Amino acid sequence: MAKKPQLDATPLDLEVNLREFIDELVAKGYSVTGGEGADPQLIDPGGRAVLTWQEDYPYEELMDRETYEQEKYLLQIELLKLQYWGQDTGLRNIIIFEGRDAAGKGGTIKRFTEHLNPRAARVVALAAPNDRERGQWYFQRYIQHFPTEGEIVLFDRSWYNRAGVERVMGFCSDAEYDVFMRQAPEFERMIVDAGIHLTKFWFSVTQREQRTRFAIRQIDPVRRWKLSPMDLESLGRWDAYTAAKDAMIAATDTDHAPWMSVRSNDKKRARLNAMKFFLSQFDYEDKNHEVVGTPDPRIVHRAREIKAD
């Protein structure tokens with residue numbers, strides 16, 4: 001078997017900060033390929049794709065696009081069936097998408113909502129709190145976006161900002177963090193007891209693959225907007241984010257509001273299996289059990305059972 005091409009040791013040195021890392025890639029002739037409808041890839045000076053996604057991943061090949069598009073289309077039909085059924089029955093749904101930067105949260109949300117009726121499906125991606133919101137109870141600004149009967153609300157990051165970026169970057173005090181960690185399971189118990197269905201996804205990406213994705217964002221002009229100053233700052237804090245995530249899972253992965261970890265080094269498999277898991281929770285009208293099937297346990301699993309990135 002041919003040796004799998006990888007980034008050479010120098011530009012992939014995880015001790016090098018992201019700006020130095022990208023500058024070195026550009027100087028050595030790395031580029032990005034992948035146009036409309038195709039996944040972007042980092043290409044080395046020899047014309048080979050960088051395969052950092054293969055590290056600690058249960059599959060040797062990425063899912064092919066034809067299979068992915070076919071399965072995605074069928075699952076999106078099932079999501080529409082669920083949405084119609086939810087509108088008829090008054091179901092209220094919250095789906096939380098959390099994970100490291102560049103783990104694939106936004107792309108998965110896009111595929112979830114691509115064909116849903118936007119009148120009954122909303123994406124919530126809140127900016128940093130303003131002065132008024134900082135003076136409120138921490139959960140208050142999230143509650144106002146909760147679903148009414150028949151609605152699906154997808155949170156692109158959520159109240160768990162306090163357990164992640166705020167904790168790591170020092171944007172909250174130790175006392176505020178401790179209160180959050182104590183209150184979050186109680187808050188989610190109230191959500192569930194109120195009849196709102198809550199799904200929590202943690203998207204897991206390995207360190208080298210994350211760095212490759214950041215490089216793609218910086219090198220490719222049409223993706224550069226995705227790379228924020230906070231992303232640049234976070235690269236040197238991998239271990240701190242890991243500790244924060246582990247503490248969050250330990251405190252808030254409960255039986256009434258479990259965390260589901262999604263291995264997302266292959267974005268296509270991650271998206272499909274997140275859809276499958278979400279749909280598998282409901283016995284909606286005209287459900288196609290063959291299409292929904294069972295989520296791949298190598299991709300989706302209970303977060304507290306297996307350590308995730």
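That block above? That's the structure.
Residues numbered from 1 in each chain as written. Predicted model: local features only at pLDDT ≥ 70, side-chain atom pairs only at ≥ 80, totals over all residues. Heavy atoms only, no water.

K.L.:
Give me the overall build of the protein: which residues, what numbers.
P.N.:
A tally of regular secondary structure across the protein gives twelve helices and eight strands. Out of the 309 residues belonging to the protein, those deemed buried represent 51%. Counting only contacts in the protein whose residues sit at least 6 apart along the sequence, the fraction spanning at least 24 positions is 76%. Element-wise, carbon and sulfur atoms account for 48% of the exposed surface of the protein, whose accessible area totals about 15200 Å². (Helix = DSSP H or I, 4+ residues; strand = E, 2+ residues; numbered from the N terminus. Buried < 20%, exposed > 50% of the residue type's maximum accessible area, 1.4 Å probe, protein only. Contact = heavy atoms within 4.5 Å. Areas by Shrake-Rupley, 256 points an atom, 1.4 Å probe, with all protein chains shown as cover.)

K.L.:
Run through the pattern of salt bridges, naming residues and quoting values.
P.N.:
Under the counting rule described, the total for this entry stands at 26 salt bridges. The partner of Lys268 in a salt bridge is Asp39, and the shortest N-O contact between them spans 2.6 Å. You can see Lys268 sitting in helix α11 (residues 267-280) and its partner Asp39 sitting in the loop between β1 (31-33) and β2 (41-43), a full 229 residues away along the chain. Note on Lys268: relative accessible area 5%, which makes it buried. With a closest N to O distance of 3.2 Å, Arg122 and Glu151 form a salt bridge. In this pair, Arg122 is assigned in strand β4 (residues 121-124) and Glu151 in the loop between α5 (140-143) and β5 (152-156), connecting sequence segments 29 residues apart. Taking relative accessible area as the criterion, Arg122 reaches 26% and is therefore assigned partly exposed. One connected set of salt bridges, linked through shared partners, spans Asp39, Arg65, Glu69, Lys72, Glu114 and Lys268. (Salt bridge = Lys/Arg side-chain N within 4 Å of Asp/Glu carboxyl O.)

K.L.:
Please give an account of the packing of helix α3 (residues 105-113) against α11 that cites residues and values.
P.N.:
Viewed as axis vectors pointing N to C, α3 and α11 meet at an angle of 55°, and their least axial separation amounts to 9 Å. Taken together, α3 and α11 sit at an angle that is classed as oblique. Seen from above, α3 lies across α11 with right-handed handedness. Contacts from Gly107, Thr108, Arg111 and Phe112 in α3 reach Arg271, Ala274, Met275 and Phe278 in α11. Of the residues assigned to the contact of α3 with α11, the class counts are four nonpolar, two polar and two charged. (Axes fitted to C-alpha atoms, helices over the stretch in contact; angles between N-to-C directions. Parallel < 35°, antiparallel > 145°, perpendicular 65-115°, else oblique. Left-handed = near helix turned anticlockwise from the far one by under 90°. Nonpolar A, V, L, I, M, F, W, Y, C, P; charged D, E, K, R; others polar.)

K.L.:
Describe unusual backbone geometry, naming the residues involved and giving the relevant values.
P.N.:
One non-glycine residue, Asp56, adopts positive backbone phi at about 55°. Relative to the helices and strands, Asp56 resides in the loop between β2 and α2 (65-89). With a phi angle near 70°, Arg157 is a residue other than glycine that sits in the positive phi range. With respect to the helices and strands, the residue Arg157 is situated in the loop between β5 and α6 (165-169). Classification of Arg157 by relative accessible area gives partly exposed; the value is 25%.

K.L.:
Give a description of the packing of α2 against α11 that names residues and reports values.
P.N.:
At a minimum axis distance of 10 Å, the contact between α2 and α11 shows a crossing angle of 25°. On the basis of their axis angle, the class for α2 and α11 is roughly parallel. Like other packed secondary-structure pairs, α2 and α11 cross with a definite hand, here left-handed. Contacts from Arg65, Tyr68, Glu71, Lys72, Leu75, Gln76, Glu78, Leu79 and Leu82 of α2 reach α11 at Lys268, Arg271, Leu272, Met275, Lys276, Phe278 and Leu279. When the residues that make up the contact of α2 with α11 are grouped by side-chain class, the tally is eight nonpolar, one polar and seven charged.

K.L.:
A description of the nonpolar core should follow, citing residues and the corresponding values.
P.N.:
Ranked by internal contacts, the top residues of the largest apolar core, which has 40 residues, are Ile95, Phe97, Phe112, Phe201, Phe203 and Phe278. No other element matches α11, which puts seven residues into this core. Setting aside its immediate chain neighbours within four residues, Ile95 contacts Phe112, Ile152, Val153, Leu154, Phe155, Thr199, Phe201 and Phe278. Counting residues in hydrophobic clusters, the runner-up holds 27 residues, among them Ala163, Trp202, Met248 and Ile249. (Core = buried A, V, L, I, M, F, W, Y, C linked by side-chain atoms within 4.5 Å.)

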